[in-house]
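Listed here are the chains, written in short residue letters.
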Amino acid sequence: MTADGLIDLAHPEAADWLLGTLEPAAAAEFGDHLAGCGDCRTAVAELGHVGRVLQQLPPAVEPPPDLAARIVDSVLAAAAGDRTEVHLPRLPAALLAPRPRPQAPPAQRPLPPPELASLYHPSPGTRHRRAPAARNGTPAPAAGAARPARRQRRVGRYAIAAAAAAAAAVGLAAAIAFLPGLAGTTSAEAPVIGGGTIGAAVLIVLHPAAGTTASGQATAWHLPGGWSVRLQVRGLGQLAPGQYYACWYAGSGNKSRHPVLISAGTFSVGPSGSADVSMWTAADPRQFRTMEITAESPGDASQHSRVILSGVART
Amino acid sequence: MSLSDAGARIAAQEARLITQIADGNLEEPMQELCHRYEKSLYGFGAHILGDEALAEVMVQEIFQRLWRTAGRFDLASDSPRAFLFGIARSVGAEIRESRLAGAGRAARESSLPPLPDSVDPILDALAVREAFGTLSAPRAEVLRLALEDGLTQPEIAQRLEVPLDTVTARALHGMQALRAALGERVPGERGTGDG
């Protein structure tokens, strides 16, 4: 176009100067040369900006190959939830708590972290199960792992969860409801998401067990006092009355070959088969790396729960 | 067809996709916009957050918010790209603030890259990086040897056993092609008549 011909007349030093490869002495020399060489001046004037950009290119990063698919899934799940179901509360744990502790506003007084160490031992809210024969990399036994009823045990967890959840922000999930004016927002006046501190975000892509077509993902944010988990699922079957879905973290625990399961919460889906829920748990997904979604029947210890979805945290 | 015509056509296409999303037709328009923008939004996030996991969270949040705010998109005056990066800027700033909130702010501040006064340099860098992939192999090779290995034009000529003038022509024409990508990035700013 305009300057092709002129640019071809520039000296090699012009390209070196633009790309930052001249030694300081040579660069000074080129400065002198520039005063008397119109062709080089043209090249520098035309390409100076792109040259600076090139010299300061940040390292290349690639999004994970399945990110787009997960984004579309999560938007569709959220949309299905909006359209066809009563939207689940963002903080189900808080609403279910029998005795919420009074709390100061979150930013001023975050809760001390819970005793994480206790999670590594069998205790209320955690349990052991026998390691399935194949535990290497295939976290989801399709069926058959006995999961005893545990409804009562969870009440204690909800009390903790509620207090912590009240204290901590719900993470980005809450921010969705809040729309800053796009045009006028600058970083200085940007809203804060809740009062919490996002220390780390962990993603868990959930894959269907054999024979199911469900999909989903979970994102966990580390906040003061524990982890806020946002779970988005699609394609789950509507369960019989009284049954529900449960979300578990599985870790290797401190007794060999006995994985520990920790509940991150329970939920149900409507006819759409989709849900977008936020849950709270103290379990660190970097420690308890496997997440499992199971279908549960409360109060029936003989009932075998099925693993519907499972995935491993990326860290 | 000039570059700015192509830019205007792409913008019109993407504007239609956003309108479809506003109308509740989600899946295909979302897929298409994800396909077109996830890479640059991810790069943008990684740059301003200094963390790829957070960048991933950010990109997901951007598209959630795109879905919820598509109705605000003004066909007449908004550019789809500017609309998306406007959302990206807000989400990125919120994630940064959340990371900084609470105790130990000063300590954490040092762990985040400084937020530039303007995101234009980042967008320029993303546009140039993207355009780099479209350069012919000989031009890309010359630029890479200079930028990554710090070789001068004569050194590159020697390395490739190509005449010096040829090397310089490749470097300058390559940069010219990249500059065109910068013109595309901001319709009307450097190009002409594509507002």
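The rules behind these values
Residue numbers restart at each chain and count upward from 1, following the sequence in its written direction. Lettering of chains starts at A and numbering of ligands starts at 1, both following the order in which they are written. Local features are withheld for residues below a pLDDT of 70 in this predicted model, meaning they are given only at 70 or higher, and side-chain atom pairs are given and counted only at 80 or more; totals for whole chains, interfaces and linings count all residues. Comment: elements are numbered from the N terminus, with helices defined as DSSP H or I runs of at least four residues and strands as E runs of at least two. Comment: burial labels come from other C-beta atoms within 10 Å of the residue's own C-beta, placed from the backbone, where a count of 20 or more is buried, 12 or fewer is exposed, and between is partly exposed. Each residue is represented by a C-beta atom placed from its backbone, and any two residues with such atoms within 7 Å are regarded as in contact. Think of it as three bins: nonpolar holds Ala, Val, Leu, Ile, Met, Phe, Trp, Tyr, Cys and Pro, charged holds Asp, Glu, Lys and Arg, and polar takes everything else, Gly as well. The pLDDT value tells you how sure the predictor is about a given residue, anywhere from 0 up to 100. To count as a nonpolar core, a set of buried Ala, Val, Leu, Ile, Met, Phe, Trp, Tyr and Cys residues must be joined through C-beta atoms within 7 Å. Helix axes are fitted to C-alpha atoms over the stretch in contact, other axes to C-alpha atoms as well, and angles between N-to-C directions run from 0 to 180 degrees. In this scheme, roughly parallel covers angles under 35 degrees and roughly antiparallel covers those over 145, while 65 to 115 is roughly perpendicular and the rest are oblique. Less than a right angle of anticlockwise turn of the near helix away from the far helix marks a crossing as left-handed, whereas a clockwise turn marks it as right-handed. By this rule, a helix spans an expected 1.5 Å times one less than how many residues it contains. Two strands pair if DSSP finds at least two bridges between them.

(A) Inspection of the overall build of chain A at higher detail. Counting its secondary structure elements, chain A contains eight helices and nine strands. Burial statistics for chain A: of 315 residues in total, 44% are counted as buried. When contacts within chain A are restricted to residue pairs at least 6 apart in sequence, long-range pairs at least 24 apart make up 72% of them.

(B) Geometry of the overall build of chain B. Helix and strand content of chain B: nine helices and zero strands. The N-to-C order of helical and strand elements in chain B reads α-α-α-α-α-α-α-α-α.

(C) Just the interface of chain A and chain B, in detail. Each side of the interface is counted separately: chain A has 56 residues, and chain B has 60 residues. When residues in the side of chain A that touches chain B are grouped by element, the largest group, nine residues, is from helix 5 (residues 67–84) of chain A. Classifying every residue of the side of chain A that touches chain B by side-chain character gives 43 nonpolar, eleven polar and two charged.

(D) Layout of the environment of Arg-159 of chain B. Residue and element names in this part refer to chain B. Tracing the chain through its elements places Arg-159 in helix 8 (residues 153–160). Separated by 14 residues in the primary sequence, Arg-159 and Leu-145 place their C-alpha atoms 9.5 Å from one another. When residues no more than four places from it in sequence are discounted, the contact partners of Arg-159 are Leu-145 and Leu-151.

(E) Fine view of the environment of Gly-43 of chain B. Relative to the helices and strands, Gly-43 of chain B resides in helix 2 (residues 27–49). By the C-beta count within 10 Å, which is 25 here, Gly-43 of chain B ends up buried. Distance in space between the C-alpha atoms of Gly-43 of chain B and Val-59 of chain B is 9.7 Å, their sequence separation being 16 residues. Residues contacting Gly-43 of chain B, with those up to four places away along its chain left out, are Val-61 of chain A together with Leu-126 of chain B.

(F) Just unusual backbone geometry, in detail. Residue and element names in this part refer to chain B. For Glu-161, which is not glycine, the phi torsion reads 55° and is therefore positive. Relative to the helices and strands, Glu-161 is located in the loop between helix 8 and helix 9 (164–185). Accessibility expressed as a C-beta count within 10 Å gives 6 for Glu-161, which makes it exposed.

(G) Structural detail: the confidence of the model for chain A. Averaged over all residues, the pLDDT of chain A equals 64, while 55% of them reach at least 70. Per-residue pLDDT stays below 50 along residues 83–198 of chain A; that stretch engages in 220 contacts with residues further than four places along the chain or on separate chains.

(H) Structural view of the nonpolar core. Counting residues in each nonpolar core, the largest one holds 115 residues, and the members touching the most others are Ile-62 and Val-128 of chain B. Residues contacting Ile-62 of chain B, with those up to four places away along its chain left out, are Leu-41, Leu-84, Ile-87, Ala-88 and Val-91 of chain B.

(I) Spatial organisation of the packing of helix 2 of chain B against helix 4 (residues 80–100) of chain B. Residues and elements named next belong to chain B. One can describe the packing of helix 2 onto helix 4 by two numbers: an axis separation of 10 Å at closest approach and a directional angle of 30°. By the criterion of interaxial angle, the relationship of helix 2 to helix 4 is roughly parallel. Helix 4 is crossed by helix 2, and the crossing has right-handed handedness. Taken together, the residues of helix 4 that come into contact with helix 2 (itself represented by Tyr-37, Leu-41, Phe-44, Gly-45, Ile-48 and Leu-49) are Leu-84, Ala-88, Gly-92, Ile-95 and Arg-96.

(J) Here's a closer look at the confidence of the model for chain B. Residue and element names in this part refer to chain B. With 82% of its residues at a pLDDT of 70 or more, chain B shows a mean pLDDT of 83. For chain B, helix 5 (residues 105–109) is the element with the lowest average pLDDT, namely 61, and helix 8 is the one with the highest, namely 96. Taken as a whole, residues 186–195 scores under 50 in pLDDT and shows 19 contacts with residues more than four places along the chain or in a different chain. Across the interfaces of the predicted complex, the ipTM metric reaches 0.75, alongside a pTM of 0.51.

(K) Representation of helix 3 (residues 52–69) of chain B in the model. Over its 18 residues, helix 3 of chain B extends 25 Å from the first C-alpha to the last, a length consistent with the 26 Å expected when each residue adds 1.5 Å. Within helix 3 of chain B, 14 of the 18 residues are buried, leaving the element largely enclosed by the surrounding structure.

(L) View of the pairing of strand 8 (residues 290–296) of chain A. Residue and element names in this part refer to chain A. With six of seven residues buried, strand 8 lies mostly within the body of the structure. The sheet contact formed by strand 5 (residues 244–251) and strand 8 spans seven bridges and is antiparallel. Bridge pairing in strand 8 places Tyr-244 opposite Glu-296. Pairing between strand 8 and strand 9 (residues 306–314): six bridges, direction antiparallel. In the sheet register, Met-291 faces strand 9, and the bridge partner there is Gly-311.

(M) Geometry of the pairing of strand 2 (residues 201–208) of chain A. Residue and element names in this part refer to chain A. Most of strand 2 sits out of view: six of its eight residues are buried. By the bridge criterion, six bridges tie strand 2 to strand 3 (residues 215–223) in an arrangement that is antiparallel. Along strand 3, the bridge assignment pairs Val-205 with Gln-217. Where strand 2 hands over to strand 3, the hairpin turn is made up of six residues, of which Gly-211 adopts a positive phi near 85°. Sheet analysis places strand 2 next to strand 9, joined by four bridges and oriented antiparallel. Bridge pairing links Ile-204 to Ala-313 in strand 9.

(N) Summary view of the packing of helix 2 of chain B against helix 3 of chain B. Residues and elements named next belong to chain B. Closest axis-to-axis distance for the helix 2/helix 3 pair is 8 Å, and the angle between their directions is 140°. Considering the angle they form, helix 2 stands oblique to helix 3. With respect to the hand of their crossing, helix 2 and helix 3 are arranged in right-handed fashion. Counted together, Met-30, Cys-34, Glu-38, Leu-41, Tyr-42, Gly-45, Ala-46 and Leu-49 of helix 2 and Glu-52, Leu-54, Ala-55, Met-58, Val-59, Ile-62 and Phe-63 of helix 3 form the full contact between these two elements. Taken together, the residues that form the contact of helix 2 with helix 3 break down as twelve nonpolar, one polar and two charged.

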